[in-house]
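Listed here are the chains, written in short residue letters.
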Amino acid sequence: MSRVLSGIQPSGELHLGNYLGAVRHWVADQLVHDALYCIVDLHALTVDTDPDRLRAQTRETATALLAAGLDPARCTLFVQSSVPEHTSLAWLLECTATMGELSRMTQFKEKGHGRTSVRVGLFTYPVLMAADILLYDADRVPVGDDQRQHLELARVLAERFNRRYGTTFVVPEASTPAVGARVMDLQDPTRKMSKSTHSPLGTIGMLDEPADIERKVRRAVTDTEGAVRYDPERQPGLANLLELLAVATNRTPADVAEGYERYGDVKRDTAEALVELLAPVRRRHAELAGDPGEVLNLLRTGAAKASAVAAATYRRAATAVGLLELD
Ligand code: AMP
Ligand code: TRP
């Protein structure tokens with residue numbers, strides 16, 4: 001059985017883009033792969049974070065992922081900082097990567113640009129991510145487009161380490177979800193739906209109340225063409241709604257478009273389909289939120305499972321580079 005691993009930052013409430021573009025696929029993968037999912041709290045420290053907020057968001061992200069359908073009986077869900085080998089291996093990999101390689105990372109250039117003070121951790125972030133992946137001998141890493149360059153670096157570091165010290169790591173493959181996995185902002189359909197959007201009306205939270213989902217979809221920006229067609233170039237707002245209705249009902253957007261003449265009807269049915277799609281997630285979230293001790297227990301079990309794998313890989317790597325072993 002091949003092993004998949006992915007990670008998510010505990011940086012706020014999950015939205016519909018996270019759910020449809022990532023988490024839903026994680027839920028499906030756990031049924032057919034040996035799957036590990038890591039809440040990367042150490043990565044969150046690369047920018048300014050409030051300690052209490054980080055703690056709360058880490059718990060909340062775990063709760064939301066469980067509510068979305070990750071099943072601890074079928075996958076390993078854990079928090080990065082509870083497995084110390086992530087930072088230990090990151091050091092060995094920092095001594096494998098070069099300044100030039102990390103300087104070319106576009107996310108670092110974008111996030112660091114214009115700041116007077118940039119944390120070293122923001123620079124070495126992709127190395128920690130490589131450690132997250134290589135520690136678990138992951139074959140496949142589902143990531144969005146924006147993370148492909150980081151994944152390529154993980155591959156390069158694994159290959160270099162293997163060449164230098166003998167075969168130690170599995171070289172991972174990236175996997176990007178199929179087309180249609182890009183959910184756009186409802187108020188500005190040229191931008192990806194994201195948590196850092198300007199208009200709260202543009203983003204649907206995974207746990208939004210039905211009335212909020214209906215309001216946001218009703219007010220979604222469309223166009224003045226007046227005909228319902230699936231044309232992402234000329235009618236990006238409408239195309240986004242058709243794509244949402246299509247994934248929620250397992251059809252293609254062009255098929256969905258056939259059945260409509262009025263934008264209002266598309267919006268009504270899209271809202272209804274999304275409310276239905278997210279209802280079980282909201283229900284499970286309410287149950288889990290009422291039992292926070294249970295979420296922590298599940299994270300403890302996940303950490304123990306992850307640690308067993310991570311400790312063995314780290315030992316292999318440490319021995320390969322020549323660190324003295326005492327037991
Ligand atoms: P982020 O919230 O950017 O850290 O992303 C977490 C995961 O959700 C990544 O796998 C992203 O590719 C995915 N994701 C984020 N926003 C969207 C979106 N608007 N549409 C589809 N997938 C998304
Ligand atoms: N850097 C990823 C992001 O911002 C999160 C991440 C950290 C990750 N470690 C990972 C993703 C390992 C996949 C595998 O989205």
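Conventions we followed
- Residues numbered from 1 in each chain as written.
- Chains lettered and ligands numbered in written order.
- Predicted model: local features only at pLDDT ≥ 70, side-chain atom pairs only at ≥ 80, totals over all residues.
- Heavy atoms only, no water.
- Helix = DSSP H or I, 4+ residues; strand = E, 2+ residues; numbered from the N terminus.
- Buried < 20%, exposed > 50% of the residue type's maximum accessible area, 1.4 Å probe, protein only.
- Contact = heavy atoms within 4.5 Å.
- Areas by Shrake-Rupley, 256 points an atom, 1.4 Å probe, with all protein chains shown as cover.
- Lys, Arg positive; Asp, Glu negative; His and termini not counted.
- Charge placed at Lys NZ, Arg CZ, Asp CG, Glu CD.
- Phe/Tyr/Trp six-rings, centres within 6.5 Å; stacked < 30°, edge-to-face > 60°.
- Core = buried A, V, L, I, M, F, W, Y, C linked by side-chain atoms within 4.5 Å.
- Near = heavy atom within 4 Å.
- Polar contact = N/O pair within 3.5 Å; in protein donor to acceptor, adjacent residues only side chain to side chain.
- Expected span 1.5 Å × (residues − 1).
- Bend = angle between axes of the 7 residues up to and from the residue.
- Axes fitted to C-alpha atoms, helices over the stretch in contact; angles between N-to-C directions.
- Parallel < 35°, antiparallel > 145°, perpendicular 65-115°, else oblique.
- Left-handed = near helix turned anticlockwise from the far one by under 90°.
- Nonpolar A, V, L, I, M, F, W, Y, C, P; charged D, E, K, R; others polar.
- Salt bridge = Lys/Arg side-chain N within 4 Å of Asp/Glu carboxyl O.

Asker: What am I meant to see in the overall build of the protein chain here?
Answerer: The helix and strand inventory of the protein chain stands at 13 helices and five strands. Taking the principal axes of the C-alpha coordinates as reference, the protein chain spans close to 70 × 45 × 40 Å. Classification of the 327 residues of the protein chain by burial places 48% in the buried group. For the protein chain, the share of sequence-separated contacts (at least 6 apart) that also reach a separation of at least 24 residues comes to 74%. Looking at the protein chain as shown, the accessible area adds up to about 15,900 Å², and 52% of this sits on carbon and sulfur atoms. Distance between charge centres in the protein chain, computed from 38 positive and 44 negative side chains, equals 3 Å.

Asker: What should I look at first to understand the packing of aromatic side chains in this one?
Answerer: How two aromatic rings sit relative to each other is given by the distance of their centres and the angle of their planes. The final tally for this structure, using the stated rule, is five aromatic pairs. Aromatic pair Phe78 and Tyr136: ring centres 5.4 Å apart, planes at 55 degrees, arrangement tilted. Within this pair, whereas Phe78 is found in strand β3 (residues 75–79), its partner Tyr136 is found in the loop between α7 (120–134) and β4 (140–142), the two being separated by 58 residues in sequence. Of the two residues, Phe78 and Tyr136, both sit in the buried class. Taken together, the ring pairs connect Phe161, Tyr165 and Phe169 into an aromatic cluster.

Asker: Would you take a moment to explain the side chain of His86 for this structure?
Answerer: Within the element layout of this structure, His86 appears in helix α4 (residues 85–94). Sequence-distant contacts of His86, that is, excluding residues within four places in its chain, are made with Cys38, Phe78, Gln80, Leu128, Ala131, Asp132, Leu135 and Tyr136.

Asker: Hey, could you run me through unusual backbone geometry in this one?
Answerer: Glycine aside, negative phi is the norm for most residues, and most peptide bonds take the trans geometry. Despite not being glycine, Asp137 shows a phi value in the positive range, around 50 degrees. In this structure, Asp137 sits in the loop between α7 and β4. Positive phi, normally seen in glycine, also occurs at Asn250, with a value near 60 degrees. Note on placement: Asn250 falls in the loop between α10 (236–249) and α11 (253–258). Given the relative accessible area of 72%, Asn250 is considered exposed.

Asker: I'm lost on the nonpolar core in this one. Help?
Answerer: Within soluble globular proteins, side chains that are nonpolar generally end up buried alongside one another. Leu65 and Met206 are the most contacted members of the largest nonpolar core, which totals 51 residues. For this core, the leading source of residues is helix α12 (residues 263–289), giving eight residues. The contacts of Leu65, once residues within four sequence positions are left out, are Ile8, Leu14, Val23, Trp26, Ile39, Leu70 and Leu77.

Asker: Just to check I follow, could you spell out the site of ligand 2 for this structure?
Answerer: Taken together, 13 residues are adjacent to ligand 2, and Gly7, Tyr125, Met129, Asp132 and Gln147 come closest. With respect to ligand 2, the side chain of Asp132 contributes an N or O atom lying 2.7 Å from a nitrogen atom. Interatomic distance of 3.0 Å between a side-chain N/O atom of Gln147 and a nitrogen atom of ligand 2. For ligand 2, the protein covers 89% of the area, taking 370 Å² as the surface of the free molecule.

Asker: Is there a simple way to explain α12 in this structure?
Answerer: Given 3.6 residues per turn, any residue in an α-helix points the same way as the ones three and four places further on. The end-to-end C-alpha separation of α12 is 37 Å, in line with the 39 Å expected for 27 residues at 1.5 Å each. Where α12 bends most, the angle comes to about 35 degrees, and this point is Leu278, followed within four residues by the proline Pro280.

Asker: Any chance you could explain the packing of helix α9 (residues 210–218) against α12 here in plain terms?
Answerer: Two measures define how a pair of helices packs: the angle their axes make with one another and the distance between the axes. Packing of α9 against α12 leaves a shortest axis separation of 9 Å and a crossing angle of 150 degrees. Put simply, α9 runs roughly antiparallel to α12. Regarding α9 and α12, the two cross each other, and that crossing is right-handed. Seen from α9, the contacting residues are Pro210, Ile213, Glu214, Val217 and Arg218; seen from α12, they are Lys267, Thr270, Ala271, Leu274, Val275, Leu278 and Arg282. When grouped by side-chain class, the residues that make up the contact of α9 with α12 number seven nonpolar, one polar and four charged.

Asker: How do you make sense of the environment of Val32 when you look at a structure like this?
Answerer: Here Val32 lies in helix α1 (residues 16–32). Residues Val32 and Ser88 lie 56 residues apart in sequence; the distance between their C-alpha atoms is 30 Å.

Asker: Is there a simple way to explain the pattern of salt bridges in this structure?
Answerer: Should the charged atoms of two oppositely charged side chains come close, the side chains can pair. Enumeration according to the criterion identifies 18 salt bridges in this entry. Asp34 serves as the salt-bridge partner of Arg3, at 3.0 Å between the closest nitrogen and oxygen. Linking Arg3 in strand β1 (residues 3–8) with Asp34 in strand β2 (residues 34–39), this pair joins segments that are 31 residues apart in sequence. In this structure Asp34 comes out as partly exposed when scored by relative accessible area, which is 27%. Measuring nitrogen to oxygen at the nearest pair gives 4.0 Å for the salt bridge that ties Asp71 to Arg74. On the basis of relative accessible area, Arg74 is assigned to the partly exposed category, the value being 47%. What emerges from the salt-bridge pattern is a single network uniting Arg262, Asp265, Arg268 and Asp269.

Keep in mind that these numbers describe shape and distance, not what the molecule does.
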